[in-house]
There are 2 protein chains.
Amino acid sequence: MERMMPGDDQQPVFVLVRPQMGENIGAAARAMWNFGLERMRIIAPRDGWPNQKAVAMASGAGRLLDEAQICATTPEAIGDCVYVFATTARARGLTKPVFTPERAMRMAAEKCAAGAPVAVMFGPERAGLENDDIARANAVINVPVNPEYASLNLAQCVLLTSYEWQRARAGITPERMDMAKTDFAEQIEIEKLAEHYQERLDQAGFFYPEPKAEGMKISLRNMWSRMPLTRADVQMLHGVMRQMVRWKNRGE
Amino acid sequence: MERMMPGDDQQPVFVLVRPQMGENIGAAARAMWNFGLERMRIIAPRDGWPNQKAVAMASGAGRLLDEAQICATTPEAIGDCVYVFATTARARGLTKPVFTPERAMRMAAEKCAAGAPVAVMFGPERAGLENDDIARANAVINVPVNPEYASLNLAQCVLLTSYEWQRARAGITPERMDMAKTDFAEQIEIEKLAEHYQERLDQAGFFYPEPKAEGMKISLRNMWSRMPLTRADVQMLHGVMRQMVRWKNRGE
C-alpha cells in the first residue's frame, strides 16, 4: 500500500481489524465523521467489500467507506504509521503503556501535528484484538468502564475515541455560552425594575407588617440583583406588573 | 412522584423524553450502566411499557429498565430535581447557558455531591426535545460535533454524557464537593410558580395579542427556569402575585 500523502497524516487513521458486521463498519464511519475523522482502513472484513449493509448504515458518512483502504493484514494496514494505538477492553498481560482515550488522543494530536502518521486499531466485535495485533501497537487504549459491566460495542468504542480526538484537537473545548451574545440588563435597568416593583407593592400593601417592611424590601431588591436578567426579562417583568395594575384599575 | 431517597441523588437521573424505539431505550440503559449510571426515567414511551425490544437490547443492564420510573409528563419526571440539563443538537433561540458534556457533568457531579438532585433530559430520536421541554431546563448540553455532519443517535448521546459523568466522578475532589448549601427551589416549586403567574396573567389579559400568547408563555416559563431561585425567592414571588390580586379585589 502506498505511503500516505503529505497532509493526509494530519489526523489519525482508524483501523478496523477483521470487523464482522457491515452495520458496525457503517456505524463506525458515522461515529468518526461526527467528530471530523475521515481516514479509515479495514483489515479483512468478514463479509467482503464493498458491503451494502455498511453503506446503508453509514448514511451521510458513506464517503469514508468509499475512500477506506482495504488491507489483508495488520502489518500492511499500519505499515506506514509511526505510532499505533490498540484499543482493548482489558489489558492483556502484554507489557504496554495503557492510556485513557483522552490521554491517547492528546498524544495522537501532538504526533499528527508533528507530521507523524498515527493509527488506532479496533478489534472484531466479539473477541477484540488478538495479542498478535496488540503486540504490533506502541500503546494500548483502555476505556475506563464500569468493572461490573463492560459492554461497549465497536462503534461505541470508535465514537468515544473520535470524541476524545476532537476534544484533543480543539484543546479543552471552552464551554460555549449562548448567553454570551445575550443582552444582559445593566445595573440601572435592574434598579428601575426593583423600584417599579417596590413602589407598586407598597401601594398594594405588600410590605406588611410595618416592622418587617424594610427587610422585605431588601430581600426583594436582593433577589432582582442576584438574577441573571436579560433586557428582555426586565421588559417582561415590567409588563407583568403594569398589567396587574391595569387589571386592578379595570376594577373587574 | 415522591421525593428521591437520600443517597439516591448521588448520581443524576437520565430522563428519556418520549422515546420511540425500544431498542434505543435498551441501548441507552447499556450506555449508562457502562459508566455506572443506573437511574433512568422515561416519559411517555411511544410503544408503551414494559417494552420487550428494550429488554432484549439492554442485555446485562435490564435492571435499569426494571427500576426505571415511567412518567406521563416532563414536569412529573423532573419535579423533584433541583438542576436540570436538556441535551440538544442545536441551540434553539431560548436563552439558556449551553455547556459541553464535560463541563455539564462536572457541574452535575458537584451538585450531586452536595445532595442536589440533578436530571439530564434526552429528546425523542427524530425531533429531539421540544422548546416546551427545554424551557423547563436550567441549562443546555450540546455535544460539539462536526458542523458538516451531526448524526449522534439517542444512545450515543447518552453514552457520551455517561462517559463524561464517569470522568467527572473520578475527577471530583472533596473541596469541590462542598458547594453552596443554599436552599434552592425544586423544579416542582418553579413549575407551580410559573403556573401561578401564567394563570393570573391570563386572567389579567397579559398574553395578548392571541398569536403571540404561546410565545409569551414559553418566554416567561423559560425565565423562571433559568433563574437560580431559592425557596425563599419562590415564596416571595408567590406573595407578590397574591398581593397584586388582593389589591385588585379590594377595588380601591
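What you are looking at is a predicted structure, and each value in this text was computed from that prediction instead of being measured.

1. A look at the nonpolar core
Right, on to step 1. In this structure, Met40 and Phe85 of chain A together with Phe85 of chain B are the most contacted members of the largest nonpolar core, which totals 85 residues.
Right, on to step 2. If near-sequence neighbours (up to four positions away) are discounted, Met40 of chain A is found in contact with Val13, Phe14, Leu16, Ile25, Ala28, Ala29, Met32, Leu64, Leu65, Ala68 and Gln69 of chain A.
Right, on to step 3. Phe207, Val245 and Trp247 of chain A together with Leu201 of chain B belong to the second-largest nonpolar core, a separate cluster that totals 46 residues.

2. Examining the interface of chain B and chain A
Right, on to step 1. With 66 residues of chain B at the contact, the number on the chain A side is 66 residues.
Right, on to step 2. When chain B packs against chain A, close to 5,600 Å² is buried across both sides, 64% of that on carbon and sulfur atoms.
Right, on to step 3. When the buried surface of chain B facing chain A is broken down by residue, Tyr149, Trp247 and Lys248 of chain B rank first, second and third, together holding 13% of it.
Right, on to step 4. The partner of Arg167 of chain B in a salt bridge is Glu164 of chain A, and the shortest N-O contact between them spans 3.9 Å.
Right, on to step 5. Our count for the contact surface shared by chain B and chain A stands at 23 residue pairs in polar contact (both at pLDDT 80 or more).
Right, on to step 6. By residue number, the principal contributor to the side of chain B that touches chain A is helix α11 (residues 231-250) of chain B, which donates 12 residues.
Right, on to step 7. When grouped by side-chain class, the residues that make up the side of chain B that touches chain A number 36 nonpolar, 17 polar and 13 charged.

3. Brief notes about the pairing of strand β1 (residues 13-17) of chain A
Residues and elements named next belong to chain A.
Right, on to step 1. Most of β1 is tucked away, with five of its five residues classed as buried.
Right, on to step 2. Across the two faces of β1 the burial is the same, with Val13, Val15 and Val17 and Phe14 and Leu16 all buried.
Right, on to step 3. Across four bridges, β1 lies against strand β6 (residues 118-122) in parallel orientation. Bridging from a neighbouring strand, Val15 pairs with Met121 of β6.
Right, on to step 4. Relative to strand β2 (residues 40-43), β1 is paired through four bridges, and the arrangement is parallel. The partner of Leu16 across the bridge, within β2, is Ile42.
Right, on to step 5. Between the parallel pair β1 and β2, the chain is carried across by helix α1 (residues 22-34), and the sense of this crossover is right-handed.

Reading the values: rules and limits
- Residues numbered from 1 in each chain as written.
- Chains lettered and ligands numbered in written order.
- Predicted model: local features only at pLDDT ≥ 70, side-chain atom pairs only at ≥ 80, totals over all residues.
- Heavy atoms only, no water.
- Core = buried A, V, L, I, M, F, W, Y, C linked by side-chain atoms within 4.5 Å.
- Buried < 20%, exposed > 50% of the residue type's maximum accessible area, 1.4 Å probe, protein only.
- Contact = heavy atoms within 4.5 Å.
- Buried area = accessible area lost by both parts, 1.4 Å probe.
- Salt bridge = Lys/Arg side-chain N within 4 Å of Asp/Glu carboxyl O.
- Polar contact = N/O pair within 3.5 Å; in protein donor to acceptor, adjacent residues only side chain to side chain.
- Helix = DSSP H or I, 4+ residues; strand = E, 2+ residues; numbered from the N terminus.
- Nonpolar A, V, L, I, M, F, W, Y, C, P; charged D, E, K, R; others polar.
- Pairing = 2+ DSSP bridges.
- Right-handed = clockwise from strand over helix to strand, strands pointing away.

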